[in-house]
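Structure at a glance
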Amino acid sequence: MSLDPLTVEIVRSGFVESVHRARVFALDAEGKPVAVHGDVAAAASPRSSMKPMQALGMLRAGLGLDGELLALACASHAGEEFHVEGVAKILSGAGLDESALRCPEDLPLDTQAAHRVIRAGGGPARITMNCSGKHAAMLATCVVNGWRTDDYRHPAHPLQRAIRATTEELTGERIAATGVDGCGAPLFFASMAGVARAFRAFTLAAPGTHERRIADVMRAHPEWTSGTRRPEAALMRAVPGLMLKAGAEAFDAFAYEDGRAATVKIEDGGQRARTPVTVAVLRALGLGLDSPELDALGTPPQYGGGAPVGEIRVRGQV
């Protein structure tokens, strides 16, 4: 194991034109650290990689979702039509509509979906914002418990206190700090090591538990947790049994069905380096070794004039 960050090179025409640094924390099936790069014990900002833990806190508080809609509660969705319809279904099941959402207005992350909205004369909306599934589930949890819905994002709200307690339990750590995520919900800072332990707890949980339900729906419906054209969904399709959730500023967390787990953080937030590092970590753990889909995701080409002229590559040993 090396305590130095990994290096990710952007290569064009044989010239290394940019470099990213990556922190990595990986556990084997027995829970033993087998790859450590960078300071993985310091407080980190996992961003949306925390959504499975948020969803778990909501299930424990009485949220009644399952299947695709529970996967959507864990999602940073692309705003495709089925995502938006799913968010509306969660809201209507709680007797609410889009006006109850407190996430910001935004266009869909998916380019094709955004173009369809614009061609139809629409614009940014709360329901097409990538975190609207989580926010709809938060509102539904409030309704079940008779909690106020106008301030559900406040860290002192009973919902957020329940989510914080769940996060501390799964990570095995006290929350280092509380910030504000891009969607306005509380952001709980935890170490990369703690987040990896939490993801491992999901996939190793007994069938029928809330933890296992979340792992199972995410793996069964990867397009609902991200999008049909997103690398997160492609990774889960390429490695059956893998539960993976990405976060903003280039964070990834994943766990496999036997307990192998890891977290990845690109230090400068460069999203283009995130998936290649995640692929390198998966393969260092012995996962997806013969997958052509991972070959493409692990060394994506760089283009010039419409033709491949280079690649993104991870340098060194994970």
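Please read all numbers here as calculations on a predicted model, not as lab measurements.

A separate point is empty space enclosed by the protein. As enumerated under the stated definition, the model contains one cavity of 30 Å³ or more in all. Considering only enclosed or pocket space, the largest cavity measures out at about 40 Å³ in volume. Lining the largest cavity are Arg-47, Met-50, Gln-54, Ile-163, Thr-167, Asp-181, Pro-186, Leu-187 and Phe-188. Looking at the lining of the largest cavity, the elements that each hand over two or more residues are α6 (158–171) and β6 (186–191). Among the elements that line the lining of the largest cavity, the one with the most residues is β6, at three residues.

A few words now on the environment of Lys-265. Structurally, the position occupied by Lys-265 is in strand β9 (residues 261–266). Along the backbone, Lys-265 and Ser-45 are 220 residues apart, and their C-alpha atoms lie at a distance of 9.1 Å. A polar side-chain atom of Lys-265 sits 2.5 Å from the main-chain carbonyl oxygen of Glu-249.

What follows deals with the nonpolar core. Most often, soluble globular proteins have nonpolar side chains that are buried together. Residues Met-53, Leu-65, Val-195, Phe-202 and Ile-214 are the most contacted members of the largest nonpolar core, which totals 64 residues. Looking at this core, the element that brings in the most residues is helix α7 (residues 192–204), giving seven residues. For Met-53, the residues in contact, after removing those within four places along its chain, are Thr-166, Thr-167, Leu-170, Thr-171, Val-195, Ala-198, Phe-199 and Phe-202. Ranked by size, the runner-up nonpolar core spans 29 residues in total, among them Leu-244, Ala-273, Val-277 and Ile-312.

Glancing now at the packing of aromatic side chains. Pairs of aromatic rings are described using the distance from one ring centre to the other and the angle between the two planes. Under the defined criterion, the tally for this structure stands at two aromatic pairs. Between the aromatic rings of Phe-82 and Trp-224, the centroid separation amounts to 4.9 Å while the plane-to-plane angle is 65°, which identifies the pairing as edge-to-face. Here Trp-224 lies in helix α9 (residues 222–225) and Phe-82 lies in helix α3 (residues 81–93), a separation of 142 residues in the sequence. Judged by relative accessible area, Phe-82 falls into the partly exposed class, the value being 21%. Classification of Trp-224 as buried rests on a relative accessible area of 14%. For the pair Phe-199 and Phe-202, a centre-to-centre distance of 6.2 Å together with 65° between the ring planes defines the contact as edge-to-face. Of this pair, Phe-199 and Phe-202 both sit in helix α7, three residues apart, which is roughly one turn of that helix. As far as the burial class goes, Phe-199 and Phe-202 line up, both buried.

Turning to its location among the elements, Ile-163 is positioned in helix α6. Taking the C-alpha atoms as reference, Ile-163 lies 9.5 Å from Phe-188; in sequence the two are 25 residues apart. Discounting residues that sit within four places of it in the chain, Ile-163 has contacts with Gln-54, Gly-57, Met-58, Met-138 and Phe-188.

The rules behind each value
Residues numbered from 1 in each chain as written. Predicted model: local features only at pLDDT ≥ 70, side-chain atom pairs only at ≥ 80, totals over all residues. Heavy atoms only, no water. 1 Å grid on protein atoms, 1.4 Å probe; cavity = no way out; pocket = protein on both sides within 12 Å on 5 of 7 lines; lining within 4 Å. Points joined across faces, edges and corners; volume = space filled by probe spheres on them. Helix = DSSP H or I, 4+ residues; strand = E, 2+ residues; numbered from the N terminus. Polar contact = N/O pair within 3.5 Å; in protein donor to acceptor, adjacent residues only side chain to side chain. Core = buried A, V, L, I, M, F, W, Y, C linked by side-chain atoms within 4.5 Å. Buried < 20%, exposed > 50% of the residue type's maximum accessible area, 1.4 Å probe, protein only. Contact = heavy atoms within 4.5 Å. Phe/Tyr/Trp six-rings, centres within 6.5 Å; stacked < 30°, edge-to-face > 60°.

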